[in-house]
Amino acid sequence: MAKQTVLVTGGAGYIGSHTIVELLANNNYDVISADCFFNSSPKAYTQIEQITGKKIKSYNIDLCDEKAFDKIFAENKIDGVIHFAAFKAVGESVEHPLKYYHNNIASLVNLLSLCEKHKVQNVIFSSSCSVYGNVQKLPVDENTPMPKAESPYAYTKQIGESMLEDFCKQHTTFNAIALRYFNPVGSHISAKIGEWPLGKPNNLVPLITGTAIGKYPQLTVLGGDYPTRDGTCIRDYIHVTDIATAHVLALNYLLEHKNKSNYDVYNLGSGNGVSVLEAIAAFEKVSGKKLNYKIGDRRPGDVIAVYSDSSKVQNTLGWKCEHDIDSMMKTAWEWEVYRTQNNF
Ligand code: UD1
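Rules used throughout
Residues numbered from 1 in each chain as written. Predicted model: local features only at pLDDT ≥ 70, side-chain atom pairs only at ≥ 80, totals over all residues. Heavy atoms only, no water. Buried < 20%, exposed > 50% of the residue type's maximum accessible area, 1.4 Å probe, protein only. Helix = DSSP H or I, 4+ residues; strand = E, 2+ residues; numbered from the N terminus. Pairing = 2+ DSSP bridges. Near = heavy atom within 4 Å. Polar contact = N/O pair within 3.5 Å; in protein donor to acceptor, adjacent residues only side chain to side chain. Areas by Shrake-Rupley, 256 points an atom, 1.4 Å probe, with all protein chains shown as cover. Nonpolar A, V, L, I, M, F, W, Y, C, P; charged D, E, K, R; others polar. Axes fitted to C-alpha atoms, helices over the stretch in contact; angles between N-to-C directions. Contact = heavy atoms within 4.5 Å.

Caption draft 1: Examining the pairing of strand 4 (residues 80-83) more closely. Side chains of strand 4 alternate between two faces, with Gly80 and Ile82 and Val81 and His83 buried alike. Sheet analysis places strand 1 (residues 4-9) next to strand 4, joined by four bridges and oriented parallel. Following the sheet pairing, valine 8 is matched in strand 4 by isoleucine 82. Pairing analysis gives three bridges linking strand 4 to strand 5 (residues 122-128), with the strands arranged parallel. Within the sheet, the bridge partner assigned to histidine 83 lies in strand 5 and is phenylalanine 125.

Structure below.
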């Protein structure tokens, strides 16, 4: 395959930055990033350069601004797009639904219109296991029906998938893959990139590492009376580099015309259900730190247990999950230490 140019939206973000590193490691790709640093830092680009020794072209634009977005397509010949840029806080989406509908939907409408205008045929879309809501049967596979979404965030992912599917029906030369991530955690093994949440995070792993380093006084385990093996919720944590490599495989698959259908969805999870207390125990083991935590009340909206059947992505794209929970916790901790030492 001749060298291809990939536009990564949200390329300075958590999963975007890790994916750029994997794209650059595969010497077939030139990468362009579009990010407005709403929830990320331009420093991510310098860090990517340190890891890969390669500089990438970048645009600081809001994807809801169609004119600004158009410039990227007009100035570059793009072969494929990986679309990460979106708001992603479930709780915030319940408080500010229009903010989520506007940003996550308008940016995707603009992206697809510009793909149509500039004849770009390949898109990989960030979806989420939240499209499944409260599941009845575990593990969850791609045939699990989608119920009414539990949050505006989850609904924007359901709508995004439907938009892609409808667009693919109308444009038979256009190809799209939606990847439904379970719980992305951890950081690059170099510890030079990771999640840079603005303000206090809501997600478990940055809260564990932030508590252990002394940013927060204590972690609260949100519910200890669930009907699970130790009373705490079960999730499918997946290392961010494993998510990143799946994007490279998905893009290769489309660019090499291996896809039989022009729209498809894949779960991306490790397949292992891990409880909150098991995640904490893994963290304590790999970091050698005792975590200060207490058991508190349940969080409204939390599902009891969810984990993935990822056989479709394994069998079709040849993807393999390389990192276990210990590796996720170890790299998350190394990143926390690195960013604290460097004032990130
Ligand atoms: C949710 C979304 C997921 C989305 C992610 C991004 C659903 C079903 N899932 O994941 O799609 O990608 O947010 O933000 O909507 N916990 C504690 N203490 C804390 C924080 C969390 O015990 O202080 C527990 C939670 O109860 C949960 C687990 O840790 O059991 C993971 O929580 P979190 O990291 O917030 O992710 P999800 O809510 O699973």
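Now, onward.
Caption draft 2: Seen up close, unusual backbone geometry. The linkage connecting leucine 138 with the following residue, proline 139, adopts the cis geometry, with an omega of -10°. Structurally, proline 139 is set in the loop between strand 5 and helix 6 (152-170). At phenylalanine 37, a position not held by glycine, the phi torsion is positive, near 55°. Here phenylalanine 37 is to be found in the loop between strand 2 (29-34) and helix 2 (43-52). With phi around 55°, histidine 257 is a residue other than glycine that occupies positive phi space. Following the sequence through the fold, histidine 257 ends up in the loop between helix 8 (240-255) and strand 11 (263-268). Since its relative accessible area comes to 67%, histidine 257 is described here as exposed.

Caption draft 3: The arrangement of the site of the ligand in detail. Around the ligand sit 19 residues in total, of which Ser128, Leu204, Thr220, Arg235 and Asp302 are the nearest. Here an oxygen atom of the ligand and a backbone polar atom of asparagine 202 are 3.5 Å apart. Here a nitrogen atom of the ligand and a backbone polar atom of threonine 220 are 2.8 Å apart. With the chains in place, 88% of the 750 Å² that the ligand exposes on its own is no longer accessible. Of all the elements in the fold, those that place two or more residues in the shell around the ligand are helix 7 (204-212) and strand 8 (219-222). If one sorts the elements of the shell around the ligand by residue count, strand 8 sits on top with three residues. Class assignment for the residues of the shell around the ligand results in nine nonpolar, six polar and four charged.

Caption draft 4: Structural context of the sheet that holds strand 3 (residues 57-59). A sheet is described by the order of its strands in space; here seven strands give the open sequence 3-2-1-4-5-6-11, paired in parallel fashion. Across the chains shown, the open sheet's two edge strands, defined by having one partner strand only, are strand 3 and strand 11. Sheet twist, expressed as the average angle between the axes of neighbouring strands with direction ignored, equals 20°. When strand 5 meets strand 6 (residues 175-181), the two strands line up parallel, connected through seven bridges. Paired with serine 127 across the strands is arginine 180, a residue of strand 6. Contacting strand 1, strand 2, strand 3 and strand 4, helix 3 (residues 66-75) runs over the sheet at an angle of about 170° to strand 1. The strands touched by helix 8 within the sheet are strand 1, strand 2, strand 4, strand 5, strand 6 and strand 11, with strand 6 carrying the most contacts at an inclination of about 165°.

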